[in-house]
Amino acid sequence: MLKDLIIRNRSVRGYDPSVKIPRDELADMIDCARLSASSRNVQPLKYYISNEGRSVEILNGLIHYGRRLPGITLPFKGTEPPAFIVICLDTSINSSKQIFIRDVGIAAEAITLRAAELGYGACMIGNFSPDEVKAQLGFSEEIDPMLIISIGKSVEDIRLVDLGPDGNTDYYRDDAGTHFVPKRSLEDIILPSSDK
Ligand SMILES: Cc1cc2nc3c(=O)[nH]c(=O)nc-3n(C[C@H](O)[C@H](O)[C@H](O)COP(=O)(O)O)c2cc1C
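Sequence order sets the numbering: in each chain, residues are counted from 1 along the sequence as written. Reporting of local features is limited, given that this is a predicted model, to residues whose pLDDT is at least 70; pairs of side-chain atoms are given and counted only at 80 or more, and all residues count toward the totals for whole chains, interfaces and linings.

A. Fine view of the overall build of the protein chain. Summing up its helical and strand segments, the protein chain has six helices and seven strands in all. For a compact globule the rule gives 2.2 Å times the number of residues to the power 0.38, and the radius of gyration it is set against comes from C-alpha atoms. For 196 residues, the compact-globule estimate of 2.2 N^0.38 gives 16 Å, and the protein chain sits close to it at 18 Å. Taken along the three principal axes of its C-alpha coordinates, the protein chain extends 50 × 50 × 30 Å. Each of the 196 residues in the protein chain was classed as buried or not, and the buried ones make up 27%. In this description, any two residues whose backbone-derived C-beta atoms lie within 7 Å of each other are considered to be in contact. Partitioning the intrachain contacts of the protein chain with sequence separation of at least 6 by distance along the chain shows that 75% fall at a separation of at least 24. A run of DSSP states H or I qualifies as a helix once it reaches four residues; a run of E qualifies as a strand once it reaches two. Both are numbered from the N-terminal end. A residue is called partly exposed when the number of other C-beta atoms within 10 Å of its own lies between 12 and 20, exposed at 12 or fewer, and buried at 20 or more, with C-beta atoms placed from the backbone.

Following this line, the structure appears as C-alpha cells:
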C-alpha cells in the first residue's frame with residue numbers, strides 16, 4: 001500500500017555500513033524520478049550516483065544532518081551512509097531554480113519511496129554547499145547540485161508522534177536514541193471549506 005510506504009519513508013541518518021547499495025538499484029530509484037511529473041515537462045534534472053570510493057567519502061564530508069538535535073553530531077561514527085544520489089539542475093536545459101525546485105521535491109519523493117520499497121532508508125539533505133559539491137565531485141559548469149539524498153540500510157528506530165500542545169515541530173531523541181518526528185494533525189492542515 002502506498003500509504004504504508006509513505007509512513008515507512010522516514011528521514012534516516014544512521015546506516016549499516018556492511019550493506020552496500022548496488023548501482024542498478026540506485027539507477028532504478030532515479031528511473032522513478034524520471035517517470036514523475038515535471039513542470040512544463042522540461043525535465044531539466046540530472047542525477048549523480050555515488051556508491052563506492054572517493055565520492056562517498058567526499059559527500060560524507062560535505063553533508064550536515066539533524067540541525068535540530070542539539071548536542072548530537074550525526075551520523076554516529078560507523079553509521080555513515082554508503083550511497084548517495086545528488087539531484088542536479090542542468091542549467092543548459094533551463095536555469096530557473098525557482099521553477100524547478102518543485103521538480104526536485106517531486107524527484108526526491110519518488111527516489112526515497114522507491115528506496116523504502118526496496119527495504120532501504122534515505123534522507124533528503126539540503127544542508128550542504130553546492131559550490132563545494134560541484135568542485136569536489138568535478139561537475140561540469142552547467143550542472144548545479146540541488147539536493148542530496150543519502151541511502152542505505154537503516155539502523156535507526158524512528159517514530160511518528162502527534163504534535164504536542166506547545167506546537168513545537170522539532171524532531172527529538174530520547175536517551176535510548178529513538179528518534180521522534182512530530183506531525184501536525186490532519187484537522188490542523190485542512191483549511192476550512194469556503195462552500196456555504
Ligand atoms: C527539502 C528537504 C531538505 C532537508 N534537508 C535536511 C538536511 O540538510 N539535514 C537533515 O538531517 N535532514 C534534512 N531533511 C529531513 C527533514 O529534517 C525531515 O524530513 C523532517 O525532520 C521530518 O522527518 P521525516 O522525513 O521522517 O518525516 C530535509 C528534508 C527536506 C524535505
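B. A look at the site of the ligand. As a rule, any residue with its backbone-derived C-beta atom within 6 Å of a molecule or strand is reported as near that molecule or strand. Residues in close proximity to the ligand total 13 residues, the closest being Arg 10, Ser 11, Tyr 65, Gly 126 and Asn 127. Here the element with the most residues in the shell around the ligand is strand E3 (residues 121–125); it accounts for three residues. Just so you know the grouping, Ala, Val, Leu, Ile, Met, Phe, Trp, Tyr, Cys and Pro go in nonpolar, Asp, Glu, Lys and Arg go in charged, and all remaining residues, Gly too, go in polar. Of the residues assigned to the shell around the ligand, the class counts are six nonpolar, five polar and two charged.

C. Layout of the sheet that holds strand E7 (residues 179–183). In spatial order, the strands read E5-E7-E6; together these three strands make up an open sheet with mixed pairing. Looking at the sheet topology across the chains shown, the edges are occupied by strand E5 (158–162) and strand E6 (172–173). Bridge count for E5 against E7 is five bridges, and the pairing is parallel. In the sheet register, Ile 158 faces E7, and the bridge partner there is His 179. Note: two strands are recorded as paired if DSSP finds a minimum of 2 bridges between them.

D. Broad picture of the domain arrangement of the protein chain. Where each domain begins and ends follows an automated or database-derived domain assignment. Taken domain by domain, the protein chain holds domain 1 (2–156) and domain 2 (159–196). Between domain 1 and domain 2, the C-alpha centre-to-centre distance is 25 Å. Each partner contributes to the interface: domain 1 provides six residues, whereas domain 2 provides six residues. Class assignment for the residues of the side of domain 1 that touches domain 2 results in three nonpolar, no polar and three charged.

E. Main features of the packing of helix H3 (residues 54–62) against helix H5 (residues 130–137). Where H3 meets H5, the closest approach of the two axes is 11 Å, and the angle between their N-to-C directions is 165 degrees. Our classification of the angle between H3 and H5 gives roughly antiparallel. In this structure, H3 crosses over H5, and the sense of that crossing is right-handed. Packed against H3, whose contacting residues are Ser 55, Ile 58 and Leu 62, the element H5 presents Glu 132, Val 133, Gln 136 and Leu 137 at the interface. Taken together, the residues of the contact of H3 with H5 break down into four nonpolar, two polar and one charged. Every axis in this analysis is a line fitted to C-alpha atoms, fitted for helices over the stretch in contact. Angles between the N-to-C directions lie between 0 and 180 degrees. Geometric relationships in this document are graded by angle, where less than 35 degrees denotes roughly parallel, more than 145 denotes roughly antiparallel, 65 to 115 denotes roughly perpendicular, and other angles denote oblique. Should the near helix be turned anticlockwise from the far one by less than a right angle, the crossing is termed left-handed; should it be turned clockwise, right-handed.

F. Local environment of the nonpolar core. By size, the foremost hydrophobic cluster in this structure holds 34 residues, and its most contacted members are Ile 85, Ile 87, Ile 111, Ile 149 and Ile 151. Excluding anything up to four places from it in sequence, Ile 149 contacts Phe 84, Ile 85, Ala 108, Ile 111, Thr 112, Ala 122, Cys 123, Met 124 and Ile 125. To form a nonpolar core, buried Ala, Val, Leu, Ile, Met, Phe, Trp, Tyr and Cys residues must be joined through C-beta atoms within 7 Å.

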